[in-house]
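Examination of the molecular architecture
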Amino acid sequence: MDIEQDVRVRAAARNNADWCAALCRAHGITGAWDPRAWTSAQRTPPLYPDAVTLDPGAAPREIVERIDASPGASVKDSFATLDLTADGFEVLFDARWIHRPAPEPGDGGWELVRTEAELGEWEQAWSDGDSAGLFAPALLADDTHAFLAARDAAGRIVAGAVASQSAAVVGVSNLFAADGDLDAAWAGCLGTLARHRPGLDVVGYESGDDLAAAVRAGFTPVGELRIWLRH
């Protein structure tokens, strides 16, 4: 990995850790930071990791000892450098960090979610009705993170994403489209970021077909990451 790639991966990993930490704080869970990783000694909400590494030199022991490593624990290995098999973890999936230059102003017609009721509607659309309460209302008071939503002619939320701003980038996560058209979803999301988060490069991570859609939207894969899960 060259220097530019390393800088982009570190920026993406830190941005994602900031979002994970914010979601945990909204649930009353306070994590800990050091140069190697963000970690939570208390089990984090579903789908969110108990640790996010911030440096490729992080060692398995210093991560595992700082989390609840009982079954169900997960670690976001931001540089795919850890081996947690001896600690009872298995690889859940591999993905790639992605980066693109700041989008130019466009026709993105998405809106910002501003109320608790809208946030609940957004979560139902994101999860296809399978999740409630994961995205706590406290997140709406944090201007660093924004929920973006697209509505159809009937006013229903049909696509959306989370945008998390840090010093030099904005991270996109939880991108979804009810009709499966990720190309249109990325176009709407990036157009909205050009209005609400102008001038910031965009980062995130994806895998499989979702990664292919991100590449079509102008992203470049810049580094590998790995999610470990303790069964």
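Residues numbered from 1 in each chain as written. Predicted model: local features only at pLDDT ≥ 70, side-chain atom pairs only at ≥ 80, totals over all residues. Heavy atoms only, no water.

Digging into the overall build of the chain
If you tally the helices and strands in the chain, you get five helices and 11 strands. The C-alpha radius of gyration of the chain comes to 17 Å, within 12% of the 17 Å expected for a compact globule of 231 residues. The C-alpha extent of the chain, read off along each of the three principal axes, is 55 × 40 × 30 Å. Within the chain, buried positions represent 50% of all 231 residues. Counting contacts in the chain only where the partners sit at least 6 residues apart, residues at least 24 apart contribute 66% of the total. Total accessible area on the chain stands at roughly 10,400 Å², and carbon and sulfur atoms take up 50% of it. In the chain, the 19 positive side-chain charges and the 35 negative ones have mean positions that sit 3 Å from each other. (Helix = DSSP H or I, 4+ residues; strand = E, 2+ residues; numbered from the N terminus. Rg over C-alpha atoms; globule rule 2.2 N^0.38 Å. Buried < 20%, exposed > 50% of the residue type's maximum accessible area, 1.4 Å probe, protein only. Contact = heavy atoms within 4.5 Å. Areas by Shrake-Rupley, 256 points an atom, 1.4 Å probe, with all protein chains shown as cover. Lys, Arg positive; Asp, Glu negative; His and termini not counted. Charge placed at Lys NZ, Arg CZ, Asp CG, Glu CD.)

Here's the deal with helix H5 (residues 208-216)
Buried residues of H5: Leu211, Ala213 and Ala214, and no others. Along the axis of H5, the buried positions cluster into a sector of 160°, meaning they face one direction only. Seen from the open side of H5, the exposed residues pointing more than 90 degrees away from its buried face are Gly208, Asp209 and Arg216. Among the structural elements, strand S5 (89-100), helix H4 (182-196), strand S10 (201-206) and strand S11 (220-230) are those in contact with the buried residues of H5. (Arc of directions from axis to C-beta.)

Digging into helix H1 (residues 3-26)
The end-to-end C-alpha distance of H1 is 35 Å, a good match for the 34 Å that 24 residues give at a rise of 1.5 Å each. N-capping of H1 is provided by aspartate 2, with a side-chain oxygen placed 3.2 Å from the backbone N of glutamate 4. Once H1 ends, the next one or two residues include glycine 28, with phi positive near 80°. (Expected span 1.5 Å × (residues − 1). Polar contact = N/O pair within 3.5 Å; in protein donor to acceptor, adjacent residues only side chain to side chain.)

Examining the environment of valine 113
Assignment of secondary structure puts valine 113 in the loop between strand S6 (111-112) and helix H3 (116-127). Under the relative-accessibility criterion, valine 113 is labelled buried at 9%. Here the alpha-carbon distance between valine 113 and proline 49, two residues 64 residues apart in the chain, equals 24 Å. Valine 113 has contacts with Glu118, Leu119, Trp122, Leu140, Phe147 and Ala149, leaving out every residue within four places of it along the chain.

Concerning the pairing of strand S8 (residues 157-165)
Of all nine residues that make up S8, seven are buried, and the element is covered over most of its length. One ladder, built from seven bridges, connects strand S7 (residues 145-151) with S8; its direction is antiparallel. Residue pairing in the sheet places alanine 150 in a bridge with alanine 159 of S8. Taken together, S7 and the strand that follows it, S8, pair antiparallel across an intervening segment of five residues, in which glycine 155 is found at a positive phi of about 90°. Judged from the six bridges that link them, S8 and strand S9 (residues 169-177) form a sheet pairing that is antiparallel. Following the sheet pairing, glutamine 165 is matched in S9 by valine 170. Once S8 ends, the chain turns through three residues before running back antiparallel as S9. (Pairing = 2+ DSSP bridges.)

So, unusual backbone geometry
Phi at alanine 80 is positive, roughly 55°, even though this residue is not glycine. You can see alanine 80 is positioned in the loop between strand S4 (74-77) and S5.

Regarding the nonpolar core
Core analysis: the largest hydrophobic core is formed by 26 residues, its most contacted members being Trp110, Leu148, Leu175, Trp186, Cys189, Leu193 and Phe219. Within the residue set of this core, elements represented by two or more residues are S7, S8, S9, H4 and H5. Ranked by residue count, the leading element in this core is H4, at six residues. Leave out the neighbours within four places in its chain, and tryptophan 110 touches Leu148, Ala149, Ala150, Ala159, Gly160, Ala161, Leu175, Ala185, Gly188, Cys189, Thr192 and Arg195. Formed by 25 residues, the second largest nonpolar core is a distinct cluster that contains Ala17, Trp19, Val113 and Leu119. (Core = buried A, V, L, I, M, F, W, Y, C linked by side-chain atoms within 4.5 Å.)

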